[in-house]
Amino acid sequence: MSATNLGWGHHYLMCPPDHFTVEYAINPWMTADEPVDPKAARDQWGGLVGAIETAGGKVSTITPDPDLPDMVFTANAGIMADGVFAPARMRFAERAREPQLAAQWAAGAGYEVAEVGAATFEGMGDALPFRDRLIAGYGQRTKLRAWSELSENLGWDFTPIELRDPRFYHIDIVFSPLNDRSALVAPSGLTSAGLRTIKSVVPDPILLTDDEAQSFSANSIVVGETVISPAASPRLRRELERRGFTSVIAPVDEFLKAGGAVRCLTLPLDIELGVELAQIA
Ligand code: ARG
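Residues numbered from 1 in each chain as written. Predicted model: local features only at pLDDT ≥ 70, side-chain atom pairs only at ≥ 80, totals over all residues. Heavy atoms only, no water.

Peer 1: Is there a simple way to think about the overall build of the chain in this case?
Peer 2: When helices and strands are tallied, the chain shows seven helices and 15 strands. Its C-alpha atoms give the chain a radius of gyration of 17 Å, near enough to 19 Å, the size a compact globule of 281 residues would have. Within the chain, buried positions represent 59% of all 281 residues. For the chain, the share of sequence-separated contacts (at least 6 apart) that also reach a separation of at least 24 residues comes to 71%. Here the chain has roughly 11,300 Å² of accessible surface; of this, 48% comes from carbon and sulfur atoms. (Helix = DSSP H or I, 4+ residues; strand = E, 2+ residues; numbered from the N terminus. Rg over C-alpha atoms; globule rule 2.2 N^0.38 Å. Buried < 20%, exposed > 50% of the residue type's maximum accessible area, 1.4 Å probe, protein only. Contact = heavy atoms within 4.5 Å. Areas by Shrake-Rupley, 256 points an atom, 1.4 Å probe, with all protein chains shown as cover.)

Given below as structure tokens:
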């Protein structure tokens with residue numbers, strides 16, 4: 001059976017790394033050992049923008065804030081779908097202000113900004129579409145209850161997946177949709193029930209080894225037929241090519257020092273789940 005490309009992933013919100021540093025530790029990858037090299041960070045971020053544009057995608061930017069070093073990880077600021085932006089509720093105080101700034105950006109850019117409940121959820125770091133549903137992580141940063149709150153308020157259909165490993169604290173480190181049949185899936189970060197649920201939804205998963213997962217290979221994005229990854233083993237590249245993708249590497253080592261890579265640095269703006277907010281009672 002032939003697969004249909006993702007209908008989204010051509011337009012992203014990104015935040016220039018002017019103030020990117022690692023100055024606190026809220027995940028196991030963040031340590032004081034290796035300071036960020038600001039020039040390398042700028043070059044790598046620019047390289048990612050270039051890779052997206054070369055693949056036919058478009059990048060919009062938000063103004064960075066000097067007090068928010070993790071603001072470069074725009075994926076966590078909220079969920080954008082059907083032209084509606086649901087601002088995140090960050091788990092840690094250090095990042096609490098990022099969703100407000102993203103909501104201001106979204107309103108200014110003409111998107112609708114939704115009311116969200118009280119439960120913690122870290123935006124598209126923990127929710128990625130597969131066909132017309134969102135595969136949604138919980139158990140590390142996001143609280144399970146957030147997904148039912150959002151589904152009641154906004155009508156989006158969430159499939160909750162429990163995350164079990166602090167190294168893989170967001171679903172976007174263990175799951176990346178590729179088209180309507182395939183996704184990158186890292187079993188290392190999933191419970192057996194979570195893996196079973198994903199396999200029941202995704203007919204043709206590419207399962208990643210623990211090494212591939214630790215190199216953040218699942219933190220990839222897809223622009224049309226191009227998969228842009230922070231790293232990909234020869235085996236993974238072959239698996240992607242066999243399914244008709246071009247595999248492109250955008251090195252983002254500076255950002256891995258904060259526990260984030262290609263997906264975390266990009267918030268997709270063009271997801272359509274087919275829910276009209278006006279239709280929700
Ligand atoms: N330092 C950030 C944090 O721990 C990195 C976020 C990575 N983002 C992602 N979507 N996984 O919150």
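Peer 1: In this structure, what is going on with the sheet that holds strand E8 (residues 158-162)? I would like to understand it.
Peer 2: Strands pair in a sheet through their backbones, by hydrogen bonds, and they do so in one of two ways: parallel or antiparallel. Read across the sheet, three strands follow the order E6-E7-E8 without closing on themselves; strand pairing throughout is mixed. Each end of this open sheet is capped by a strand with a single partner; those strands are strand E6 (127-130) and E8. For this sheet, the mean inter-axis angle between neighbouring strands, taken without regard to orientation, is 30°. Looking at chain direction, E6 and strand E7 (residues 133-138) are connected through four bridges and run antiparallel. Note that in E7 the partner of Ala127 across the bridge is Ala136. Lying on the sheet, helix H3 (residues 144-154) is in contact with E6, E7 and E8; it crosses E8 at an angle near 180°. Against the sheet, helix H4 (residues 192-201) contacts E6, E7 and E8, and its axis sits at roughly 145° relative to E8. (Pairing = 2+ DSSP bridges. Axes fitted to C-alpha atoms, helices over the stretch in contact; angles between N-to-C directions.)

Peer 1: Would you mind going over the site of the ligand with me for this structure?
Peer 2: Looking at the ligand, there are 16 residues lining it, with Asn27, Arg95, Arg141, Asp172 and Cys264 nearest. Within the contact set of the ligand, a nitrogen atom lies 2.9 Å away from a side-chain nitrogen or oxygen of Asn76. Between the ligand and Ala258, the relevant distance is 2.9 Å, taken from a nitrogen atom to a main-chain nitrogen or oxygen of the residue. Computed on the free molecule, the ligand has an accessible area of 350 Å², of which 100% lies beneath the protein chains in the complex. Given that more than half its atoms are within 2 Å of the pocket grid, the ligand belongs to the largest cavity. Broken down by class, the residue content of the shell around the ligand amounts to six nonpolar, six polar and four charged. (Near = heavy atom within 4 Å. Polar contact = N/O pair within 3.5 Å; in protein donor to acceptor, adjacent residues only side chain to side chain. 1 Å grid on protein atoms, 1.4 Å probe; cavity = no way out; pocket = protein on both sides within 12 Å on 5 of 7 lines; lining within 4 Å. Sits in = over half its atoms within 2 Å of the grid points. Nonpolar A, V, L, I, M, F, W, Y, C, P; charged D, E, K, R; others polar.)

Peer 1: Can you help me understand the pairing of strand E2 (residues 58-61) in this one?
Peer 2: As judged from the four bridges shared by strand E1 (residues 11-14) and E2, these two strands associate in the parallel manner. Bridged to Tyr12 within E2 is Val59.

Peer 1: Please explain helix H6 (residues 234-242) as it appears in this structure.
Peer 2: An α-helix turns once every 3.6 residues. As a result, residues three or four positions apart point the same way. Taken together, the buried positions of H6 are Leu236, Glu239 and Leu240. Taken down its axis, H6 places every buried residue within 95° of arc, on the same side. Exposed residues lying more than 90 degrees from the buried face of H6 are Pro234, Arg238 and Arg242. Elements that come into contact with the buried residues of H6 comprise strand E10 (182-185), strand E11 (204-207), helix H5 (210-214), strand E13 (226-229) and strand E14 (246-249). (Arc of directions from axis to C-beta.)

Peer 1: Can you help me understand the environment of His11 in this one?
Peer 2: Looking at the secondary structure, you find His11 in strand E1. His11 gets classed as buried once you look at its relative accessible area, which sits at 15%. Put simply, His11 and Asp157 are 146 residues apart on the chain and 22 Å apart in space, counted from C-alpha to C-alpha.

Peer 1: For this particular structure, what's the right way to read the sheet that holds E10?
Peer 2: Pairing is mixed across the open sheet formed by three strands, whose spatial order is E9-E10-E11. Across the chains shown, the open sheet's two edge strands, defined by having one partner strand only, are strand E9 (175-177) and E11. Averaged over neighbouring strand pairs, the angle between their axes works out to 20° when direction is ignored. Taken together, the three bridges between E9 and E10 define a ladder with antiparallel strand orientation. When the sheet's bridge partners are listed, Ser176 is paired in E10 with Leu184. Of the strands in this sheet, E10 and E11 are in contact with H6, which crosses E11 at around 165°.

Peer 1: I keep staring at the pattern of salt bridges and nothing clicks. Help me out?
Peer 2: Side chains that differ in sign of charge can pair as their charged atoms come close. Throughout the structure, instances matching the rule amount to 12 salt bridges. A salt bridge links Glu149 to Arg145; the nearest nitrogen and oxygen atoms lie 2.8 Å apart. Linking Glu149 with Arg145, this pair stays in helix H3, spanning four residues, or about one helical turn. Relative accessible area serves as the criterion here: at 19%, Glu149 is assigned to the buried category. The closest approach of N and O atoms between Arg167 and Asp165, which form a salt bridge, is 2.7 Å. (Salt bridge = Lys/Arg side-chain N within 4 Å of Asp/Glu carboxyl O.)

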